[in-house]
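An overview of the molecular structure
Here are the chains, one letter per residue:
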There are 2 protein chains.
Amino acid sequence: MKIQQAATLSELPVKTVRYYDEIELVSPDRQDNGYRFYSDKDIEKLRFLGRARSLGFSLEDCRQLLSLYEDKNRASSEVKSIAESKILEIEAKLIELQSLRDTLTKLADSCSGDERPDCPILEGLAGN
Amino acid sequence: MKIQQAATLSELPVKTVRYYDEIELVSPDRQDNGYRFYSDKDIEKLRFLGRARSLGFSLEDCRQLLSLYEDKNRASSEVKSIAESKILEIEAKLIELQSLRDTLTKLADSCSGDERPDCPILEGLAGN
DNA sequence: TCTTGACCTTCCAGTTACTGGAGAGATTAT
DNA sequence: ATAATCTCTCCAGTAACTGGAAGGTCAAGA
């Protein structure tokens, strides 16, 4: 499929999709007319990139994560160690996100009564 | 306290702390010699910024979130609606992070037996 | 007192990850 | 046939830092 459909399916701007080709993160085949031609697998990679980027992973992180699924010659033990270190990062992010959510929930609840403490829980926001 | 201690306590680079002053996100008082002087409250804001940025919120998101805790004249109902929309964003991120973690866990597990499927779960990676 | 070294300042240039727009060719719709 | 809508590349600009130069401040030691 052409770039616009790829962008639609992956929920990314066309510009961004083109950029990911430029930096060789997702490099589609080309048609005879020079148009990029995206496969279903390319779309999956793009969708993955959209998710991982919105979760605060850098493009280099993403490149590493994608490579886990691509490089068939890589030793399993290496794949495992990269995956495990990423899992640790993700679990740290999960904890922070949960605490951020709890803090905001408290704040929203305190608004229900339409009475809000002077400076509600900035301490909470700053983390434990 | 001076900028280096602020950076240490907030676990941010000095450069970044200075940058947040420049864009008026966290603007400390100045001492007579021109040095920035950070209060405990400034540190809390910086710590919050470090967390929120690593979770994929833009600086403008952060500015909005910080303003929830600052603008005492804002109507409670408005605070509540901003907080609630941010909570929705956070919960979406939580779900994606969990699914990413599960995918990587499966991958790491499949490596244990030192035998990995040809193209393991790229579909899972691309999200449901 | 002088000076060394670790701090602080501003300013300017470079990086990452886009984002917008110009200019030109290809394709599709009427 | 022609207008609208793609697509391409290239170049410039933005967001959020990041590094380095040039210079001011300050506490400790010779």
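Residues numbered from 1 in each chain as written. Chains lettered and ligands numbered in written order. Predicted model: local features only at pLDDT ≥ 70, side-chain atom pairs only at ≥ 80, totals over all residues. Heavy atoms only, no water.

Details of the overall build of chain A
The following threshold applies: Numbering of helices and strands runs from the N terminus; a helix is a DSSP stretch of H or I covering at least four residues, while a strand is a stretch of E covering at least two. Any residue under 20% of the maximum accessible area for its type is buried, any over 50% is exposed, and the rest in between are partly exposed; the area is computed with a 1.4 Å probe on protein chains only. Should any heavy atoms of two residues lie within 4.5 Å, those residues are considered in contact. In these tables, accessible area is a Shrake-Rupley quantity obtained with a 1.4 Å probe, and a residue counts as shielded only by the protein chains included in the view.
For chain A, the helix and strand inventory stands at 6 helices and 2 strands. When burial is assessed residue by residue, chain A has 42% of its 128 residues classed as buried. Considering only contacts within chain A whose residues lie at least 6 apart along the sequence, 43% involve residues at least 24 apart. Accessible surface for chain A amounts to roughly 6800 Å². Of this, 46% is attributable to carbon and sulfur atoms.

Description of the confidence of the model for chain A
Worth spelling out the cut-off: Per-residue confidence from the predictor is given as pLDDT, running between 0 and 100.
In the predicted model, chain A carries a mean pLDDT of 82, and 80% of its residues have values of at least 70. Contacts from residues 118-124 of chain A, a stretch scored under 50 in pLDDT, to residues over four places away or in other chains number 16 contacts.

Topic: the nonpolar core
The condition is simple: In these notes, a set of buried Ala, Val, Leu, Ile, Met, Phe, Trp, Tyr and Cys residues joined through side-chain atoms within 4.5 Å is what counts as a nonpolar core.
Membership of the largest hydrophobic core comes to 66 residues, with the highest contact counts inside it found for Tyr38 and Leu46 of chain A together with Tyr38 and Leu46 of chain B. Excluding residues within four positions of it along the chain, Tyr38 of chain A makes contact with Met1, Lys2, Ile3, Ala6, Val17, Asp21, Val26, Pro28, Ile43 and Leu46 of chain A.

Topic: the packing of helix α1 (residues 3-10) of chain B against helix α3 (residues 40-54) of chain B
Packed helix pairs are characterised by how far apart their axes lie and by the angle those axes make with each other. All names here are of chain B. Where we set the bar: Lines fitted to C-alpha atoms define the axes, with helix axes restricted to the stretch in contact, and inter-axis angles between N-to-C directions lie between 0 and 180 degrees. Angular relationships are summarised with four words: roughly parallel below 35 degrees, roughly antiparallel beyond 145, roughly perpendicular across 65 to 115, and oblique for the angles in between. Handedness of a helix crossing follows the sense of rotation of the near helix relative to the far helix, less than a right angle counterclockwise being left-handed and clockwise being right-handed. Amino acid classes used here: Ala, Val, Leu, Ile, Met, Phe, Trp, Tyr, Cys and Pro are nonpolar; Asp, Glu, Lys and Arg are charged; the rest, including Gly, are polar.
Relative orientation of the contacting elements α1 and α3 amounts to 45°, with a least axis distance of 9 Å. With respect to α3, the axis of α1 lies oblique. Where α1 crosses over α3, the two elements pack in a sense that is right-handed. Together, Ala6, Leu9 and Ser10 of α1 and Ile43, Leu46 and Arg47 of α3 make up the contact between the two elements. Here the residues of the contact of α1 with α3 sort into 4 nonpolar, 1 polar and 1 charged.

Overview of the protein's contact with DNA strand D
Put simply, the rule reads: By convention in this text, a residue qualifies as near a molecule or strand provided that one of its non-hydrogen atoms is within 4 Å of it. Whenever a nitrogen or oxygen atom comes within 3.5 Å of another N or O atom, the pair is scored as a polar contact, on the condition that within protein one atom can donate a hydrogen and the other can accept it, and that pairs from neighbouring residues in sequence are kept only if both atoms are in side chains.
By nearness alone, 19 residues border DNA strand D, and Arg36 of chain A together with Lys15, Tyr20, Asn33 and Arg53 of chain B come closest of all. Sugar and phosphate atoms represent 71% of those atoms of DNA strand D found within 4 Å of the protein. For DNA strand D, a phosphate oxygen lies 2.5 Å from a polar atom in the side chain of Tyr20 of chain B. Every element with two or more residues in the surface near DNA strand D is listed here: α1 (3-10) and α2 (14-22) of chain A together with α2 (14-22) of chain B.

Brief notes about the packing of aromatic side chains
Residue and element names in this part refer to chain A. Formally: Pairs were defined over the aromatic rings of Phe, Tyr and Trp, the Trp ring being its six-membered one, requiring ring centres within 6.5 Å. Orientation was assigned from the angle between planes: stacked under 30 degrees, edge-to-face over 60, tilted for the rest. Comment: the charge-over-ring label is applied if NZ (Lys) or CZ (Arg) is within 6 Å of the ring centre and within 35 degrees of the ring normal.
Within this structure, the stated rule accounts for 2 aromatic pairs over all chains. Residues Tyr19 and Tyr20 carry aromatic rings whose centres are separated by 6.1 Å and whose planes lie at 50° to one another, so their mutual orientation is tilted. Over the aromatic face of Phe57 sits the side chain of Lys93, whose NZ or CZ is 4.9 Å from the ring centroid.

Things to note about the packing of α1 of chain B against α2 of chain B
Residues and elements named next belong to chain B. At a closest axis distance of 9 Å, the pairing of α1 and α2 adopts a crossing angle of 105°. The orientation of α1 relative to α2 falls into the category roughly perpendicular. The residues of α2 that touch α1, namely those facing Ile3, Gln4, Ala7 and Ser10, are Val14, Val17 and Arg18. Looking at side-chain class alone, the contact of α1 with α2 contains 4 nonpolar, 2 polar and 1 charged residues.

As for the protein's contact with DNA strand C
Taken together, 19 residues lie near DNA strand C, and Lys15, Tyr20 and Asn33 of chain A together with Arg18 and Arg36 of chain B sit nearest. Take the atoms of DNA strand C that sit within 4 Å of the protein: sugar and phosphate atoms are 71% of them. Sorting the residues of the surface near DNA strand C by element identifies α2 of chain A together with α1 and α2 of chain B as the ones contributing at least two each. Top contributing element to the surface near DNA strand C by residue count: α2 of chain A, with 4 residues.

Considerations on the pattern of salt bridges
Residue and element names in this part refer to chain A. Just so we agree on the cut-off: Salt bridge criterion: a side-chain nitrogen from Lys or Arg within 4 Å of a carboxyl oxygen from Asp or Glu.
This structure, assessed with the given rule, holds 16 salt bridges over all chains. In this structure, Glu11 and Arg47 form a salt bridge, with 3.6 Å as the shortest nitrogen-oxygen distance. Of the two residues, Glu11 sits in the loop between α1 and α2 while Arg47 sits in helix α3 (residues 40-54), which places them 36 residues apart along the sequence. Given the relative accessible area of 65%, Glu11 is considered exposed.

Digging into α2 of chain B
Residues and elements named next belong to chain B. To keep things clear, this is the line we draw: In this description, one arc is meant: the one made by directions from the helix axis to the C-beta atoms.
Burial in α2 covers these residues: Val17, Tyr20 and Asp21. For α2, the angular spread of the buried residues around the axis is 105°, confining them to a single face. More than 90 degrees from the buried face of α2, the exposed residues found are Lys15 and Glu22. Looking at the packing, one finds that the buried side of α2 touches α1, β1 (29-30), β2 (36-37), α3 and α4 (59-68). At the C-terminal side of α2, Glu24 shows a positive phi close to 60°.

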